[in-house]
Amino acid sequence: MTTTPAAPIRTAAMPPRVVDAAAVALWRRELLGGLGGVNGSPPRPTDDAPSEAFQPIPAQVAHRVPDRARGTAAPDMVTHADPAPTSVALVDLIAALEQLKSAACALQAEASVALDRAERERQAHLGIPVRRRGLGVAAQVGLARRESPHRSSALLGAAKAWTSEMPHTLAALRAGVLSEHRAILLVQETACLEVEDRRAVDALLCADPATLAGVGTRQLVAAARAHAARLDVGAVVRRARRAESERCVTLRPAPDAMTYLTALLPVAQGVAVYAALRRAADAADDPMTGGESATHVAGEASVRVASRRGRGQIMADTLVELVTGQSSASAVPVTVNLVISDAALLGAQHEPGHVPGGGPVPAQVARELVAAGIDAGATWLRRLYADPRGDLVAMTSRARFHPDGLAEFLRIRDHGICRTPYCGAPIRQIDHIVPVAAGGATTAENGEGLCVACNLAKEAPGWARRVVRAAAAPGHAVETSTPTGHRYISRAPTMPGPATPPATAQAVAAASDPAQVGAREGSSAARRERSVVDLCFTALLAEHVDVAA
């Protein structure tokens, strides 16, 4: 089915005005009512929308928005008298909103390039060396767009390419015939070309919007690669050689207490590794056979999972065994910081634990990990202390509380993730919030974990960070101020809550083994003074190790 886009808004009677944040807030307000507002009901009021007179969306941004989304219904569109939208009208609305998203992305790109230009001029006026000018601009874009620094750097780089070297791609994005994701892929696939060749590919693929009709993402990328190879085969070869030097291994969290271990390898090596794992799986004499099965209860339904390993499981286990040199994938001797409340560890609650940098772990899975480690003699229990607000304030250690211990403390408090808002990169550096040169102390309160990019960005002129406290929002919080005066708050993740001490000495004794604890504690008064955590830890350890030793 072919649809005809809505006609552009007539702007002859509209006074010219600047596209700014206030105008965009008003346009967004038109869509806040959802389908109810689209069908004719007035939009819901918002606190952040300006109270000035209504201003229609300008034609250069909203020429793809259907009439009813602007408050005036065309004859063939849904009106207030027709409360049941037809499928045709809904499909038209979805398509028009997607085109509006692309147009907004184009405007964001132009604004990002203008910000980069303004910041470089400001830094030049401050006497910043040429090689350091532009530092912190991508971070500002990321904070404004609620994206990570890595993502915002890619977005800013793409915006520069569109505005200076790929005008047809920018025009297609503005017209709504190309999404931001596909436009970024065109930038990546032509990055190895000279400017003239890149502009040639841009014209071949995007000068005529009909060229993009019905073309999938893989087809578009393949066409860009083919044009690049035809125009400059040497550049493509050099790019492939450079890509080999960027081979790496990364780790990121996955759902259900799992992780993604990813290896970026040259194609021949990657295929060889995968083929070797497949051969190992095909030849494996799986020792886990025997017909037994395990039962896992999820909600009210019981799911029986066969204990025999499948091909994927054997390949994963073989990979772990070959890389670590262990005879069994489950016997890998690696230190893993598992943060879990005492109540969850002892079975009284089901609050999940957390592996810094690895994400949440269900309480039952965490207890099994701890129990397996204790059985193997490879578990150390180290207590973390929190104040009544829930802020982490100290931890026990066999050594003095020296800078190395403080760094580990901060990584645990921040869950191993960079403290900059919207950044999900792992912590690489521990730094002061208020610099030492400005009177900042080397304490947990004035320390935070950051990735390398965020730690560099905050050193740019005009950036400032400080610790903030609010009674209504407990937790360690850092306020970041950018050169434009915008402020962003980052709070440390919530730590697992402590167990509630029992009200009586009898309840304390019931939570532990009286034979093991009573002899060590003596009177009931002494048991009152000792916390339930100490008593239960003693009972837990007594089941696995010799406490007296």
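We now turn to the structure provided with this report.

So, on to helix α8 (residues 180–189). An α-helical turn contains 3.6 residues, so any two residues separated by three or four positions project in the same direction. Along α8, eight of the 10 residues are buried, which leaves the element largely enclosed by surrounding structure. Among all positions in α8, only Glu-180, Arg-182, Ala-183, Ile-184, Leu-185, Leu-186, Val-187 and Glu-189 are buried.

With that settled, consider the environment of Ala-441. For Ala-441, the location among the structural elements is in the loop between β9 (429–432) and β10 (447–450). Look past the residues within four positions of Ala-441 in its chain and what remains in contact with it is His-432 and Asn-446.

Turning our eyes to something else, we now look at empty space enclosed by the protein. To find the voids left in a structure, one rolls a probe of water-molecule size over its atoms. Tallied over the entire structure, the rule returns two cavities of 30 Å³ or more. Of the volumes computed, that of the largest cavity is approximately 90 Å³. Contributing to the lining of the largest cavity are 14 residues, with Ala-139, Leu-143, Pro-149, Thr-420 and Cys-454 lying nearest its centre. Per-element accounting of the lining of the largest cavity gives the leading share, three residues, to helix α5 (residues 137–145). Residues that form the lining of the largest cavity fall into these classes: seven nonpolar, four polar and three charged. Of the voids in this model, the second largest cavity is the one considered here, and its volume is about 30 Å³. Forming the walls of the second largest cavity are Cys-105, Gln-108, Ala-109, Ser-112, Arg-145, Leu-155, Ala-159 and Glu-180. With four residues, the single largest contributor to the lining of the second largest cavity is helix α4 (residues 87–125). Tallied by class, the residues present in the lining of the second largest cavity amount to four nonpolar, two polar and two charged.

Okay, unusual backbone geometry next. Positioned with a positive phi, Arg-146 is a non-glycine residue whose angle comes to about 60 degrees. With respect to the helices and strands, the residue Arg-146 is situated in the loop between α5 and α6 (149–164). With a relative accessible area of 61%, Arg-146 lands in the exposed category. Positive phi, close to 60 degrees, is recorded for His-415, a residue that is not glycine. You can see His-415 is positioned in the loop between α16 (403–413) and β9.

Cut-offs used in this document
- Residues numbered from 1 in each chain as written.
- Predicted model: local features only at pLDDT ≥ 70, side-chain atom pairs only at ≥ 80, totals over all residues.
- Heavy atoms only, no water.
- Buried < 20%, exposed > 50% of the residue type's maximum accessible area, 1.4 Å probe, protein only.
- Helix = DSSP H or I, 4+ residues; strand = E, 2+ residues; numbered from the N terminus.
- Contact = heavy atoms within 4.5 Å.
- 1 Å grid on protein atoms, 1.4 Å probe; cavity = no way out; pocket = protein on both sides within 12 Å on 5 of 7 lines; lining within 4 Å.
- Points joined across faces, edges and corners; volume = space filled by probe spheres on them.
- Nonpolar A, V, L, I, M, F, W, Y, C, P; charged D, E, K, R; others polar.

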